[in-house]
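Geometric and topological summary
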Amino acid sequence: MANKKLAAVVTVYRKYSHAQHIVDRFLDGYGWNGEYHHPPFDLVGLYVDQVGADDLSKERAQRHPAMTIYPTIEGALTLGTGKLAVDGVIFVGEHGTYPKTEKGQVQYPRYPFFKEIVSVYQKSGRSVPLFNDKHLSWKWEWAKEMYDTAKSMGFGLMAGSSLPVTWRIPKYEMPMGARVREAVCVCYGGVDSYDFHGLESIQCMVERRRGGESGVKWLQAYRGPAFWKALADGVWSRDLMTAALCRSHTLTPAREGFNDMMPTVEQMKTLAKDPVAYTYEHHDGLRCTMMLMNGLVKDFNFAARLDNPSKIVSTQLYLPMPDGRTTLATFFSPLAWNMEKLYETGRSPYPIERTLLTTGLTAIGVDSLFAGGVKMETPHLKIHYEAPAASTFERA
Amino acid sequence: MAVTRREFFGFAAGALAMGAERPPIRVAIVTTIYKYLSHGQHIGDRFLIGYPIDGEWHQPNVKVVSLYVDQKPEGDLSSARASEFGFKVYPTIAEALCCGGPKLACDAVLIVGEHGDYPSNDKGQKLYPRYEFLQQCAAVFKASGRSVPVYNDKHLSYSFERAQAMVKTSHEMGFPMLGGSSIPVTWRLPDVEIPLGSHIEDAVMVGEGGSDAMDFHALEGLQCMVERRRGGETGVKAVQMMVGDDVWKALDSGRISKKLLSSALSRSDTPLGLSELDSRPQDLVGDGVLPGLVKQPAAYAIEYRDGFKATMLMLDGAVKDFNFAAMVRGVGNVSTQFLLTPVPNVTYSARLVQKIEQMFMTGKAPYPIERTLLTSGILESCLESKKQGSVRLETPALKVEYRAV
């Protein structure tokens, strides 16, 4: 049987862009489960929105002559025939130069490109599975419309971060039906960027709790001095924060001459100059906090308090980041593997509602920060879903 | 701002109080140097300020009572640590172990004979004084009529004969000894263990970083996996260290399994060459790019006494991490990366310190010192083979038998 055909729609294809990491794995293969794996798909059409001096798409097309670069999204999906000619679409609207909103969100064109993609589906009278990298859109209304469109047109939509599917150190999966009382993620990076990864790290764990996901009631963001006051006031639990930090491999030493130490809060203040936290409450009462602590850590560390029996669980969601230490962002390998499942079966291996919720949380987090840290009610985030019983993070 | 001891310990203060039911274990540290990021510092410090383990900041119920440093290079931290943590730096090992008194005054000894300025021999081995350090400790034990557990960092000695004498001393005097690399105890991606008693058909380990520091780590990675084979460890019959084109010939001829090499490399996060250029994934074996990337390949071919064969490859230029693959009958291909976490935290050393602490607390080594005795011997014999022109070298002395735990 001939391989299924795929098209890729990306904003920019340069070294270390998400498109490079993801599309390269479909072109060149990747190490998986102890062998070098070549996905059984033919990537035939590519659209790149911004082609700069550092572009790699032409080099990739030369080495992979089955793939043609088209000047339009429609061209890439129809292979110039005017009719949808592929069996799945890879859509990576991350990286590239796009204007920012007044709140600082980069306006990656995920919604407009999504509209162009579904317009091809509509004109062709046929829909195929679509992977959307990261959150659905910086704008909640657009994200919701993307979600509703996929539902009404009936095609598999997969989205989100690689954090939920990457290695966990140690390997830990939240037991289905666990009674989760509180959860935190201590991580790093920028607002409207890595905050989303931190939120996905928490959500992929807590969605497995007793009763399933019920959605989020409110969110409040804290920044700078307000962050430290919230920590002192016990807005989130200090012992959970410590448990998460004890999973880090990148704690900045607070004192010269020491290589690995747990800082005091006073020391943390000198290391993390501009910390950000989003604290939010789910409808069933679960309280979660995502913390961006640039200067203190450079990894993603999760901790939760469970009831009955009462205990703290913790792990690191591991990103072997090509920042000089690795050359491959191999956390994209389990993402590619799950994308293969989407294209094989037509269904996302994990619920799109997870990313709909984290998309909404990211946008509200930005709103709360922009408004100076006010508590925001989130009636629109009353999103119910059940997590799949099968665990999806990488262990193979 | 001056940080008080209490503030410094921060979260750990509670754990310290709770663990204090029995008097703390008194530890003497004997090290070549104590400067930032030396093994002496990052292992020693964990007994002073605690370390992260199992999601907690763990403060061992240990009191470092003395320190001996063989060399004080620029950046030496020994006196700063002594004054901050309330112990003394002594001019001799004997005085350190006796805390200046007439007889042994500690409950455990941490020997870290790694880093520092020492000469090398004609096999390229750095002549760290680990044997001398241990014998000086044993002399104190003997004079005091009491022995205590000893940790010896990395290989026992550059010389197998001396390594063997060290193990003999520990057996004769009845003190437990732990040694070796942190590779066997670090996280594995994925988290696999070969079932004890397995029929392992073949195994390949890939390391990088040169001899004789990183090749030892790679040999320990290999040995901690293959020692679990059926029948237990029997020792090594012969070794051959191949370099240059002979390595590629051994791969082409099938003497070294390309399939297992490919499997090990599929676990790497750091393929070099084109992946370094533009981050594309590469099938390093299938694409045939290894000879172009690795200018000085080395293969440490090991024939065990029970007929099992395994190979450790040092492939500087191909990857920058440590990966393993084996073919296990009835299980299939088992492959993994031994994760070496980033500098400066080097959190893998916390996993090692947990094992050291366990031995200090219980008086039992959590895994056999014979593993490290054997890897010390394999390393010396392989370097000897290379020195003699990559000959196959019979190694009757390496009849090191033990059972994995």
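Keep in mind the model is a prediction, meaning the values are calculated, not measured.

Moving on: the overall build of chain B. If you tally the helices and strands in chain B, you get 14 helices and 16 strands. Relative to its length of 405 residues, chain B is compact, with a C-alpha radius of gyration of 22 Å against a globular reference of 22 Å. C-alpha extents for chain B along the principal axes are approximately 65 × 45 × 40 Å. Here chain B holds 405 residues, and the buried ones make up 56% of them. Long-range contacts, defined here as pairs at least 24 residues apart, represent 76% of the contacts in chain B between residues at least 6 apart.

A tally of regular secondary structure across chain A gives eleven helices and 16 strands. By the compact-globule yardstick of 21 Å for 396 residues, chain A fits well, its C-alpha radius of gyration being 21 Å. Viewed in the frame of its principal axes, chain A has a C-alpha envelope of about 60 × 45 × 40 Å. With 396 residues in all, chain A has 55% of them scored as buried. The long-range share in chain A, meaning contacts at least 24 apart out of those at least 6 apart in sequence, stands at 76%.

All names here are of chain B. Taken in spatial order, the six strands of this open sheet run 5-4-1-6-7-8, and their pairing is parallel. What marks the edges here is a single partner per strand, and that holds for strand 5 (88–89) and strand 8 (177–180). Note that strand 6 (residues 108–112) and strand 7 (residues 150–153) share three bridges and pair parallel. In the strand pairing of strand 7, Leu110 is matched with Tyr151.

Bringing the sheet that holds strand 6 (residues 88–92) of chain A into the picture now. Pairing between sheet strands relies on hydrogen bonds along the backbone, with the strands arranged either parallel or antiparallel. An order of 5-4-1-6-7-8 (chain A) is seen for the six strands of this open sheet, with the pairing classed as parallel. A strand with exactly one partner marks an edge of an open sheet, and here the two such strands are strand 5 (68–69) and strand 8 (157–160) of chain A.

Now for unusual backbone geometry. Going from A:Asn308 to A:Pro309, the amide bond is cis rather than trans, its omega being 0°. Note that A:Pro309 resides in the loop between strand 14 (300–307) and strand 15 (311–317). That bond from B:Val343 to B:Pro344 is cis: its omega, 5°, falls within 30 degrees of zero. Secondary-structure assignment places B:Pro344 in the loop between strand 15 (332–338) and helix 13 (348–362).

Time to look at helix 10 (residues 332–345) of chain A. All names here are of chain A. Between its first and last C-alpha atoms helix 10 spans 20 Å; for 14 residues at 1.5 Å apiece the expected length is 20 Å, and the two agree. In terms of residue burial, helix 10 counts as a mostly covered element, since eleven of its 14 residues are buried. Restricting attention to buried positions, one finds in helix 10 the residues Phe332, Ser333, Pro334, Leu335, Ala336, Trp337, Asn338, Met339, Glu340, Leu342 and Tyr343. Where helix 10 ends, the next residue or the one after it, Gly346, has phi of about 85°, a positive value.

We now examine the packing of helix 8 (residues 214–226) of chain B against helix 14 (residues 369–387) of chain B. All names here are of chain B. The interhelical angle for the contact between helix 8 and helix 14, taken along N-to-C directions, is 130°, at an axis separation of 10 Å. Taken together, the axes of helix 8 and helix 14 are oblique relative to one another. With respect to the hand of their crossing, helix 8 and helix 14 are arranged in right-handed fashion. Note on element contacts: helix 14 touches helix 8 through Arg371, Leu374, Thr375, Ile378 and Leu379, opposite Asp215, Phe216, Leu219, Glu220, Gln223 and Cys224. Taken together, the residues that form the contact of helix 8 with helix 14 break down as six nonpolar, two polar and three charged.

One finds A:Val9, A:Val184, B:Val27, B:Val30, B:Val109 and B:Leu110 to be the most contacted residues of the largest nonpolar core, which totals 250 residues. The leading source of residues in this core is helix 11 (residues 352–370) of chain A, at eight residues. When sequence neighbours within four positions are dropped, the list of residues in contact with A:Val184 reads A:Trp236, A:Leu240, A:Met241, A:Ala244, A:Cys288, A:Thr289, A:Met291 and A:Ala303.

The next point concerns the environment of B:Asp153. Residues and elements named next belong to chain B. Secondary-structure assignment places Asp153 in strand 7. Taking the number of C-beta atoms within 10 Å as the measure of exposure, Asp153 has 26 and is therefore buried. It is 5.3 Å that separates the C-alpha atoms of Asp153 and Gly179, two residues lying 26 residues apart in sequence. With near-sequence residues (within four places) excluded, Asp153 lies in contact with His39, Ile43, Ile111, Val112, Gly113 and Glu114.

Turning our eyes to something else, we now look at the domain arrangement of chain B. Residue and element names in this part refer to chain B. Domain assignment breaks chain B into domain 1 (5–180) and domain 2 (185–340 + 374–398). Computed from C-alpha atoms alone, the centre-to-centre distance between domain 1 and domain 2 is 31 Å. Opposite the 14 residues of domain 1 that make contact, domain 2 presents 13 residues. For the side of domain 1 that touches domain 2, the residue count by class is four nonpolar, six polar and four charged.

Here the focus is the pairing of strand 15 of chain A. All names here are of chain A. Strand 15 sits mainly inside the fold: five of its seven residues count as buried. Strand direction decides the pairing type here: strand 9 (residues 168–169) and strand 15, joined by two bridges, are antiparallel. By the bridge assignment for strand 15, Arg168 is matched with Leu317. Hairpin connection from strand 14 to strand 15: three residues lie between these consecutive antiparallel strands, with Asn308 at a positive phi of about 55°.

Take the interface of chain A and chain B next. On the chain B side, the residues contacting the 47 residues of chain A number 45 residues. Of all the elements in the fold, those that place two or more residues in the side of chain A that touches chain B are helix 1 (18–28), strand 2 (30–32), strand 3 (35–37), helix 8 (238–245) and strand 15 of chain A. When the residues that make up the side of chain A that touches chain B are grouped by side-chain class, the tally is 22 nonpolar, 15 polar and ten charged.

Residues and elements named next belong to chain A. When cut into domains, chain A gives domain 1 (4–160) and domain 2 (165–328 + 357–381). The centre of domain 1, based on its C-alpha atoms, is set 29 Å off from the matching centre of domain 2. Listed per partner, the contact involves 14 residues of domain 1 and 14 residues of domain 2. Within the side of domain 1 that touches domain 2, the residues separate by chemical class into six nonpolar, five polar and three charged.

Another aspect to go through is the packing of helix 4 (residues 110–124) of chain A against helix 5 (residues 140–153) of chain A. Residue and element names in this part refer to chain A. Helix 5 packs onto helix 4 with a crossing angle of 15° between their chain directions and a minimal axis gap of 10 Å. Of the possible angle classes, the one that applies to helix 4 and helix 5 is roughly parallel. Regarding helix 4 and helix 5, the two cross each other, and that crossing is left-handed. Residues Tyr111, Phe114, Val118 and Tyr121 of helix 4 form the contact with helix 5, whose participating residues are Trp142, Met146, Thr149 and Met153. Looking at the contact of helix 4 with helix 5 residue by residue, the classes come out as seven nonpolar, one polar and no charged.

Parameters at a glance
Residues numbered from 1 in each chain as written. Chains lettered and ligands numbered in written order. Predicted model: local features only at pLDDT ≥ 70, side-chain atom pairs only at ≥ 80, totals over all residues. Helix = DSSP H or I, 4+ residues; strand = E, 2+ residues; numbered from the N terminus. Rg over C-alpha atoms; globule rule 2.2 N^0.38 Å. Buried ≥ 20, exposed ≤ 12 C-beta atoms within 10 Å, placed from the backbone. Contact = placed C-beta atoms within 7 Å. Pairing = 2+ DSSP bridges. Expected span 1.5 Å × (residues − 1). Axes fitted to C-alpha atoms, helices over the stretch in contact; angles between N-to-C directions. Parallel < 35°, antiparallel > 145°, perpendicular 65-115°, else oblique. Left-handed = near helix turned anticlockwise from the far one by under 90°. Nonpolar A, V, L, I, M, F, W, Y, C, P; charged D, E, K, R; others polar. Core = buried A, V, L, I, M, F, W, Y, C linked by C-beta atoms within 7 Å. Domains from an automatic or database assignment.

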